[in-house]
Amino acid sequence: MLNDWSGQRFPHPPGRRPFVGDTLGTDAVAPLQSTMRRGAELGPIFELKIFDQKFVFVSGAELAAELADESRFEKALSPALVALRQFAGAGLFTAYNDETNWALAHDLLRSAFTKDAMRRYHPVMLAAAQELFDTWDVREAPVDVSADMTRLTMETISRTAFSQDFGSFTRDEPHPFIPAMIAALRAGQRKGSFSGMPGARLMSRRIDQRNAHHQAYIDGLLDDVIATRRASAASDHDLLGIMLDTPHPETGARLDDLNIRHQILTFLVAGHETTSGALSFALYYLTRDPALLARAHEEVDTILGPDREVEPAFEQIAKFRFLRRVLDEGLRLWPTAPGYGRSPREVTTLSTGHVMRPQDWALVVLPMVHRDPDVWGDDAGEFDPDRFLSERSRGRLAHSYKPFGTGERSCIGRQFAVHEAVLVLARMLHRYELTPDPSYELTITERLTLMPEGFRLALTPRVPSGANPPPSGAERTDAPSQNVRNAPLAG
Ligand code: MNH
C-alpha cells in the first residue's frame, strides 16, 4: 500500500513537518473537505503525506479523464477500501481486480440489475416509500432528511436484494443490525486512517477487540439469513436467490457461503448510504430555490396529475427529466462516493510528466474534478441542473463527470439508485409542501460517504395543481377508514 511513486514529488500544502508530514492540517472528521480546501491552489495533481503514507490526489478533469482510460489504468484499492475488506472481504466493491470472486460475482449479479429486474423492484420501492410517508403523515415535527432517507434506502435495498424486512418504519429504535454495521464500518475506517501511523498495529488490534461482538452479531445474523433461505423451498429471484441458486453459465462455478455473506454486506452498505445522500442533497438544493421548486412541481403535476395518492408507473420514472437533472447536479457538487483509486496496468508516463508504476495509486477527488472551471465554467460552484440539458452537455470533455466511478469497476447499482431516487423525489414533491428552515447552512458529514447534516424539512400535505382542495376530514364520507394517510399534518 505504501505509495512512493519512485520518490517523485508533487505540490503539497504549506506547513509540512518532519515525521508527521501534512497530518496537522488534515481535519480527521472531515478529511475530504479539508483536502478540497488545501488542494484548491495546488494544480491538477497534488500530494498529502500522512505520517509515512503518501496520498496523491487528482483534482483536474483532464487528468481524471486520462486515468479513466481502461487500456492504461484500472481500479486501485485505497487504504480505506483495504480496511473495508476486513468487513466486506472480496465482495464486489472491495475485491482486487484479479480476484476470481470479482468476475464470478459480477457475471452472476449483472442479471439482478437489468431493466426486467428493475421492473420487479419498482413496486417494492413504492411500498417502502409509502411506509415512510405513513410515518410522516402522523408526525408533527420537521423531519431529519438524511436520517429518514437512510431508513428508506436501507429498507429498499434489503427488501429488493435479500427479501429481508428491517422494520425500519415501525420500530422506535433501528434494527440492531444497523448500529452493529455502523460500528463495524467505523472500526474499519479508523484502522484505515491509522494505517500510516506509528503503533498502528497495536491500535488495530484494540479496535478489533472492541468491535468483535458487533462483527460476530452481523456474521451470525447473515449466516442465518443464508441458511434459512437454503432450507426453504422458495426460489426468490432476488440477489440472494441468484447467488445461492445460479452457477456461472460458462464455468459452472458458484460463490461460496463466506463470499455470499460478504456480498450481502457489500450490497447493504454500497446500496443505501450513497443513494440516501444523493436524495438529501437534491432535496436541499431544490427546497432552497423557489424557482427550481416550482419547476419540479410543474413536472410532477404534469406527469402524475391531481391525485396526491397516485403512484408512478415503472415507465413514468424516465419521464421526470428535470428531477433527474436535479439529482445529477447534486451528485456533481457532492458526489456521495467522493472518489476512487486508479493504478496503471504497466509503467506509464502521465501527461504531467510523472512516471507511474502499477504499485502506485492516485485518488480521483470527484468534487474537485466536478468543479474544474476548464470544464464546468467559472460558475462551477453554483447549482444549475440545466447544465445537464443535452444541448449544454454536448461537447463537454468525456469522463469529466464520474459520480458512479469509471470502467469495468464502476457502479453496478447505478440504474437502481437513479430509479429509486427519482421515484422518491417525485412522490415527495407531489405529495408534500417541503419547507426548509431558512437559517440552515449546509454542513456535510463524512463517513464512507457524504451526507448533509442537520438538514430538516417541515412537511405539510400538498394539493397538486388541478386538484380540488381536499374536503375537511369531518365531511369526508367516501373513503374514511383506509385513509390514515390523509390525516392532516400539523406544523
Ligand atoms: Mn455504487 C461501485 C457510487 C449506488 C453497488 N458505486 C461504485 C463506485 C462508485 C459508486 C463511485 C466505484 C468505486 C470505485 O471505483 O472504487 N453507488 C455510487 C453512488 C450511488 C451508488 C454515487 C448512489 C447515488 N451502488 C449503489 C447502489 C448499489 C451499489 C444502489 C447496489 C444496489 N456500487 C455498488 C457495487 C459496486 C459499486 C456493488 C462495486 C462494483 C464493482 O467493483 O464491480
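What counts and how
- Residues numbered from 1 in each chain as written.
- Predicted model: local features only at pLDDT ≥ 70, side-chain atom pairs only at ≥ 80, totals over all residues.
- Heavy atoms only, no water.
- Helix = DSSP H or I, 4+ residues; strand = E, 2+ residues; numbered from the N terminus.
- Buried < 20%, exposed > 50% of the residue type's maximum accessible area, 1.4 Å probe, protein only.
- Contact = heavy atoms within 4.5 Å.
- Pairing = 2+ DSSP bridges.
- Axes fitted to C-alpha atoms, helices over the stretch in contact; angles between N-to-C directions.
- Parallel < 35°, antiparallel > 145°, perpendicular 65-115°, else oblique.
- Left-handed = near helix turned anticlockwise from the far one by under 90°.
- Nonpolar A, V, L, I, M, F, W, Y, C, P; charged D, E, K, R; others polar.
- Near = heavy atom within 4 Å.
- Polar contact = N/O pair within 3.5 Å; in protein donor to acceptor, adjacent residues only side chain to side chain.
- pLDDT = per-residue confidence, 0-100.
- Phe/Tyr/Trp six-rings, centres within 6.5 Å; stacked < 30°, edge-to-face > 60°.
- Lys NZ or Arg CZ within 6 Å of the ring centre and 35° of its normal.

The next thing to look at is the environment of Val145. In this structure, Val145 sits in helix 6 (residues 145-162). Given a relative accessible area of 4%, Val145 falls into the buried group. Between the alpha carbons of Val145 and Gly454 there is a distance of 8.0 Å; along the sequence they are 309 residues apart. Not counting chain neighbours up to four residues away, the residues in contact with Val145 comprise Ser280, Leu283, Phe455, Arg456 and Leu457.

This part is about the environment of Asp386. Looking at the secondary structure, you find Asp386 in the loop between helix 15 (373-376) and helix 16 (390-393). Discounting chain neighbours no more than four positions away, the residues touching Asp386 are Arg295, Phe322, Arg325 and Arg392.

Before going further, it helps to spend a moment on the pairing of strand 2 (residues 53-58). Of all six residues that make up strand 2, six are buried, and the element is covered over most of its length. By the alternation rule, side chains of strand 2 split into Gln53, Phe55 and Phe57 and Lys54, Val56 and Val58, which are all buried. Following strand 1 (residues 45-50), the chain reverses through two residues before pairing antiparallel with strand 2; Phe51 in that reversal takes a positive phi of roughly 50°. Alignment of strand 2 against strand 8 (residues 362-365), held across two bridges, turns out to be parallel. The residue of strand 8 that forms the bridge with Phe57 is Leu363.

Looking now at the side chain of His430. Looking at the element boundaries, His430 is found in helix 17 (residues 414-431). The exposure class of His430 is buried, given its relative accessible area of 1%. With residues up to four places along the chain from it excluded, the contact list for His430 reads Val300, Asp301, Leu304, Gly305, Asp307, Arg308, Val310, Arg462 and Pro464.

It is worth spelling out the packing of helix 6 against helix 17 at this point. Angle between the axes and distance between the axes are the two parameters that describe a pair of packed helices. Look at helix 6 against helix 17: their axes get within 12 Å of each other, and the N-to-C directions meet at 130°. As the angle between them shows, helix 6 and helix 17 are arranged oblique. Crossing hand, helix 6 versus helix 17: right-handed. Taken together, the residues of helix 17 that come into contact with helix 6 (itself represented by Met149, Leu152, Thr153, Thr156, Ile157 and Thr160) are Phe416, Glu420, Val424 and Met428. Its residues placed into classes, the contact of helix 6 with helix 17 shows six nonpolar, three polar and one charged.

What follows covers the site of the ligand. Surrounding the ligand, one finds 26 residues, the nearest of these being Lys75, Leu92, Trp102, Arg409 and Cys411. The backbone of Ala270 places a nitrogen or oxygen atom 3.4 Å from a nitrogen atom of the ligand. Arg409 places a polar side-chain atom, nitrogen or oxygen, 2.7 Å from an oxygen atom of the ligand. Only helix 10 (257-270), helix 11 (273-287) and helix 17 provide two or more residues apiece to the shell around the ligand. Ranked by the residues each element gives to the shell around the ligand, the list is headed by helix 11, at three residues.

Here we come to the sheet that holds strand 2. One open sheet holds the five strands; their spatial order is 1-2-8-5-3, and the pairing between them is mixed. Edge positions in the sheet fall to strand 1 and strand 3 (73-76), since each of these pairs with one other strand and no more. Neighbouring strand axes in the sheet, compared pairwise and without regard to direction, differ in orientation by 40° on average. Where helix 1 (residues 31-39) meets the sheet, its contacts fall on strand 1, strand 2 and strand 8, and the angle it forms with strand 1 comes to roughly 125°.

This paragraph deals with the confidence of the model for the chain. Residues of the chain with pLDDT of at least 70 account for 95%, and the chain-wide mean is 91. Under a pLDDT of 50 for its full length, residues 474-491 has, in the predicted model, 28 contacts with residues more than four places off or in other chains.

One key point about sheets: their strands pair by backbone hydrogen bonds, in either a parallel or an antiparallel sense. Taken in spatial order, the three strands of this open sheet run 4-12-9, and their pairing is antiparallel. A single partner strand is all that each edge strand has here, and the edge strands are strand 4 (143-144) and strand 9 (432-436). The strands touched by helix 17 within the sheet are strand 9 and strand 12 (456-461), with strand 9 carrying the most contacts at an inclination of about 95°.

On to the packing of aromatic side chains, then. By the definition in use, this model includes 21 aromatic pairs. With a centroid separation of 5.7 Å and 70° between ring planes, the pair formed by Phe133 and Tyr432 is classed as edge-to-face. Pair noted here: Phe133 is in helix 5 (residues 115-137) and Tyr432 is in strand 9, with a separation of 299 residues, a long-range link. In this pair, the class of Phe133 matches that of Tyr432, namely buried. Ring-pair connections join several aromatic residues into one group, and the members of that group are Tyr284, Tyr285, Phe383, Tyr440 and Phe455. If you follow Arg308 out to its NZ or CZ, it ends over the ring of Tyr432, 5.7 Å from the centre.

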